[in-house]
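Architecture at a glance
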Amino acid sequence: MKVLSGIQPTGRFHWGNYFGAIRQYIALQENEQSFYFIADLHALTTVRDPEALRGFTRDAALDLLALGLDPNKATLFRQSDIPEVTELMWLLITLTPMSLLEKCHAYKDKLAKGLPADAGLFSYPVLMAADILLYDSNIVPVGVDQVQHIEVTRDIATKFNLTYQREVFVLPEARVLSETAKVVGVDGDKMSKSYGNTIELFDEPKKLRKRLMSIKTDSTPVEAAKDPEACSVFTLYKLFANETQQAELAARYRAGGMGYGEAKQALFEAADAFFGPARERRHQLAADSKTVEDILQAGAKRARAKAQEVLNRAREACGLSARVG
Ligand code: ADP
Ligand code: TRP
């Protein structure tokens, strides 16, 4: 089975990205042939500052590698290093019904808010379809918000195969990333860059502690018993702690006499112990930019070999000449 997914470099990764997506990507590399890419072409629909885009792209690669993505097991690359993807997008978009894209939420939501949408955002799902179909991907691990795009990919692939009477594309399936991993932010809502409530993955201990101390809690006095399940601090603590540790902290909540500051300190210690080693690895990798660039180049080379094969299949099917070399 071939697994593929992409992640947009539109800001620094946060705990939601890790527990909701990155952790699963890394787990899948053990048993599946996996392709992961940094979706910098997609990010162009929102990031319009070239230095920022370069920085976020590099940060994304460093973060993924520090967190355990192993370039010997998975293929890691930058989307824009594979020119075949934009060519395939054209082949696909020539038979994509407007009505299919009009239904897609990113574009629809923007219009509903009265904001001007550009053609890039409108056709964003077709670029995503090209990303997926270009590597004969079978499984696409994504968050629920992306499932619609995998459906669109299947629709486009089916239409292409039917139109040209050939099984050019493999139909991919979405694998929805665990719902239980909906991580809350410092204000108790879903953690998201767009809400400004994120906890970044690699903050240094002092900054991390300060951020955790800012988590919103209610005003139950220190002496009173507290409900751990109603508290964001405890919800976040569960991401890091084993069952015994969770039961211990829950008992302290229920017993009363513990302030939220203490729970936050426990969360800080657990999170710092969990991400500390990856933060160290990230420092080492960051000091060696050539290695990271080499990894991305080697990934692009492997990905391109597959991309050229599939693109040629598609070119031939629709009457263009297959490209040699
Ligand atoms: P953001 O909402 O911060 O812009 P993205 O949409 O770029 O994050 O997220 C990339 C992936 O990370 C998503 O597809 C989703 O799987 C995961 N993710 C993001 N935020 C969370 C969260 N709060 N809980 C669980 N998973 C999340
Ligand atoms: N659109 C996805 C997101 O915002 C990122 C992405 C781009 C992607 N191309 C993809 C995900 C292909 C899976 C497969 O999260």
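Treat the numbers as computed from the prediction; the structure is a model and nothing was measured. (Residues numbered from 1 in each chain as written. Chains lettered and ligands numbered in written order. Predicted model: local features only at pLDDT ≥ 70, side-chain atom pairs only at ≥ 80, totals over all residues. Heavy atoms only, no water.)

Now for the overall build of the protein chain. A count of helical and extended segments in the protein chain gives 13 helices and five strands. When its C-alpha atoms are laid out on the principal axes, the protein chain stretches across 75 × 45 × 35 Å. A buried classification covers 49% of the 325 residues belonging to the protein chain. Within the protein chain, contacts between residues separated by at least 24 positions form 77% of all contacts whose residues are at least 6 apart in sequence. Within the protein chain, the 42 negative side-chain charges are centred at a point lying 2 Å from the centre of the 41 positive side-chain charges. (Helix = DSSP H or I, 4+ residues; strand = E, 2+ residues; numbered from the N terminus. Buried < 20%, exposed > 50% of the residue type's maximum accessible area, 1.4 Å probe, protein only. Contact = heavy atoms within 4.5 Å. Lys, Arg positive; Asp, Glu negative; His and termini not counted. Charge placed at Lys NZ, Arg CZ, Asp CG, Glu CD.)

What follows concerns the nonpolar core. In this structure, Trp15, Leu67, Tyr253 and Leu267 are the most contacted members of the largest nonpolar core, which totals 59 residues. Ranked by residues supplied to this core, first place goes to helix α12 (residues 260-286) with ten residues. Taken domain by domain, the makeup of this core includes at least three residues from each of domain 1 (2-182 + 289-318) and domain 2 (202-283). Not counting residues within four places of it along the chain, the set of residues in contact with Tyr253 comprises Ala225, Lys226, Asp227, Pro228, Cys231, Val233, Phe234, Met258, Tyr260 and Ala263. If you look at the next biggest cluster of nonpolar residues, it comprises 44 residues, including Phe37, Ala129, Ala307 and Ala314. (Core = buried A, V, L, I, M, F, W, Y, C linked by side-chain atoms within 4.5 Å. Domains from an automatic or database assignment.)

Around ligand 2, a shell composed of 14 residues is seen, among which Gln8, His42, Tyr124, Asp131 and Gln146 lie nearest. One of the side-chain nitrogen or oxygen atoms of Asp131 is found 2.8 Å away from a nitrogen atom of ligand 2. Contact with the protein chains removes 89% of the 360 Å² of surface that ligand 2 exposes when unbound. Residue assignment for the shell around ligand 2 shows that the elements contributing at least two residues are β1 (2-7), α7 (119-133) and β4 (139-142). Here the shell around ligand 2 gets four residues from one element, more than from any other, and that element is α7. Grouping the constituent residues of the shell around ligand 2 by class yields eight nonpolar, five polar and one charged. (Near = heavy atom within 4 Å. Polar contact = N/O pair within 3.5 Å; in protein donor to acceptor, adjacent residues only side chain to side chain. Areas by Shrake-Rupley, 256 points an atom, 1.4 Å probe, with all protein chains shown as cover. Nonpolar A, V, L, I, M, F, W, Y, C, P; charged D, E, K, R; others polar.)

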